[in-house]
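Now for the letters of each chain:
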Amino acid sequence: MKRCELKVMDVKTANECENDDVEQNLSYEVKQDVDEELPHAEVVDIFQEGLAMIVQDPLLCDLPIQVTLEEINSQIALEYGQAMTVRVCKADGEIMPVVVVQNATVLDLKRAIQRYIQLKHQREGGIQHISWKYVWRTYHLSFSGEKLEEDSRSLREYGIKNRDEVVFVKKLKNK
């Protein structure tokens, strides 16, 4: 049987004192359990318990229960001003808050939209597969009436800032 080791990284947030206690308790529990051989399921349970404690922090409290490491990192990057939220409006009126780094390109935004929708569908048990090639061939993103056509251009070049709204617009056929 393989030996499973779990490493707890320091995460500093608004409630450092409370989190330090949680980290110490979690770290102690993990170190104690690592000396023994643990089945994968138990390691996952220990990790989920620790993650649930971390997510109770006010900075991270609005994240879903089945949070991913990427979502935690995005939330922390937002707090430190290293990322921004772009509100993406779908044709049905749904607004998706998508997090991208400050110097993100249009392609980065498209990938972030894909990740956001995939995570949402996984959590809700919805559509299994979306043809993103079809989506990007049929729709384009638009900001203030301007099409975001060049994937390599940065969002800043288009004038997009934190909390700005980008919309999906159906492409017109060329005759």
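Conventions and cut-offs
Residues numbered from 1 in each chain as written. Predicted model: local features only at pLDDT ≥ 70, side-chain atom pairs only at ≥ 80, totals over all residues. Heavy atoms only, no water. Helix = DSSP H or I, 4+ residues; strand = E, 2+ residues; numbered from the N terminus. Buried < 20%, exposed > 50% of the residue type's maximum accessible area, 1.4 Å probe, protein only. Contact = heavy atoms within 4.5 Å. Areas by Shrake-Rupley, 256 points an atom, 1.4 Å probe, with all protein chains shown as cover. pLDDT = per-residue confidence, 0-100. Core = buried A, V, L, I, M, F, W, Y, C linked by side-chain atoms within 4.5 Å. Phe/Tyr/Trp six-rings, centres within 6.5 Å; stacked < 30°, edge-to-face > 60°. Pairing = 2+ DSSP bridges. Axes fitted to C-alpha atoms, helices over the stretch in contact; angles between N-to-C directions. Salt bridge = Lys/Arg side-chain N within 4 Å of Asp/Glu carboxyl O.

Engineer: I'd love a proper account of the overall build of the protein, names of residues and values included.
Structural biologist: Looking only at helices and strands, the protein features five helices and five strands. Scored against the burial criterion, the 175 residues of the protein give a buried share of 34%. Looking at the protein alone, contacts between residues at least 24 apart form 50% of all its contacts between residues at least 6 apart. Total accessible area computed for the protein in this model is approximately 12,000 Å², and 51% of it derives from carbon and sulfur atoms.

Engineer: Quick one: what's the story with the confidence of the model for the protein, residue by residue and with numbers?
Structural biologist: Looking at the protein as a whole, the pLDDT averages 80, with 77% of positions reaching at least 70. Element-level mean pLDDT values for the protein span from 50 in helix α1 (residues 16-34) up to 97 in strand β1 (residues 83-89). Note that pLDDT drops below 50 for residues 1-19; the model gives that stretch 26 contacts with residues more than four away or on any other chain.

Engineer: Tell me about the nonpolar core, and name the residues and values.
Structural biologist: If you look at the biggest cluster of nonpolar residues, it comprises 23 residues, and the most contacted ones within it are Val86, Val100, Leu109, Ile113 and Leu155. At the level of secondary structure, the elements contributing two or more residues to this core comprise β1, β2 (95-101), α4 (106-124), α5 (132-138), β3 (139-143) and β5 (165-170). A per-element tally of this core places α4 first, with five residues. Excluding residues that lie within four positions of it along the chain, Leu155 makes contacts with Met84, Val86, Val100, Ala104, Thr105, Val106, Leu109 and Ile160. Counting six residues, the second largest nonpolar core, distinct from the first, contains Leu59, Leu63, Val67 and Ile72.

Engineer: Got a sec to walk through the packing of aromatic side chains? Specific residues and values, please.
Structural biologist: If you walk through the whole model with that rule in mind, you get three aromatic pairs. Aromatic side chains Trp132 and Trp136 sit 5.9 Å apart centroid to centroid with 25 degrees between the ring planes, which places their arrangement in the stacked category. Remark: Trp136 and Trp132 occur in helix α5; sequence separation between them is four residues, near one turn of the helix. Accessibility classification places Trp132 together with Trp136 in one group, the buried group. Relative to Phe168, the ring of Trp136 has its centre 5.7 Å away and its plane inclined at 15 degrees; by these criteria the two rings are stacked.

Engineer: For the sheet that holds strand β4 (residues 146-147), give the residues involved together with the corresponding values.
Structural biologist: Across the sheet, five strands lie side by side as β2-β1-β5-β3-β4; this open sheet has mixed pairing. Both edges of this open sheet fall to β2 and β4, since each of them pairs with a single strand only. The pairing of β1 with β2 spans seven bridges and is classified as antiparallel. Opposite Cys89, over in β2, you have Ile95 as the bridge partner. Sheet strands touched by α4: β1, β2, β3 and β5. Its angle to β2, the strand with the most contacts, is close to 130 degrees.

Engineer: Which residues make up the pattern of salt bridges, and what values do they have?
Structural biologist: A side chain of one charge can pair with a side chain of the opposite charge when the charged atoms of the two come close. For the coordinates displayed, the defined rule picks out eight salt bridges. Taking the shortest distance from any N to any O, the salt bridge between Arg115 and Glu70 comes out at 2.5 Å. With Arg115 in helix α4 and Glu70 in helix α3 (residues 69-79), the pair connects residues that are 45 residues apart, well separated along the chain. Two residues, Glu71 and Arg123, come together in a salt bridge whose shortest N-O distance is 2.6 Å. In this pair, Glu71 is assigned in helix α3 and Arg123 in helix α4, connecting sequence segments 52 residues apart. Overall, the relative accessible area of 16% leaves Glu71 in the buried class. Ionic contacts of the salt-bridge type, sharing partners, join the residues Lys90, Glu94 and Lys120 into one network.

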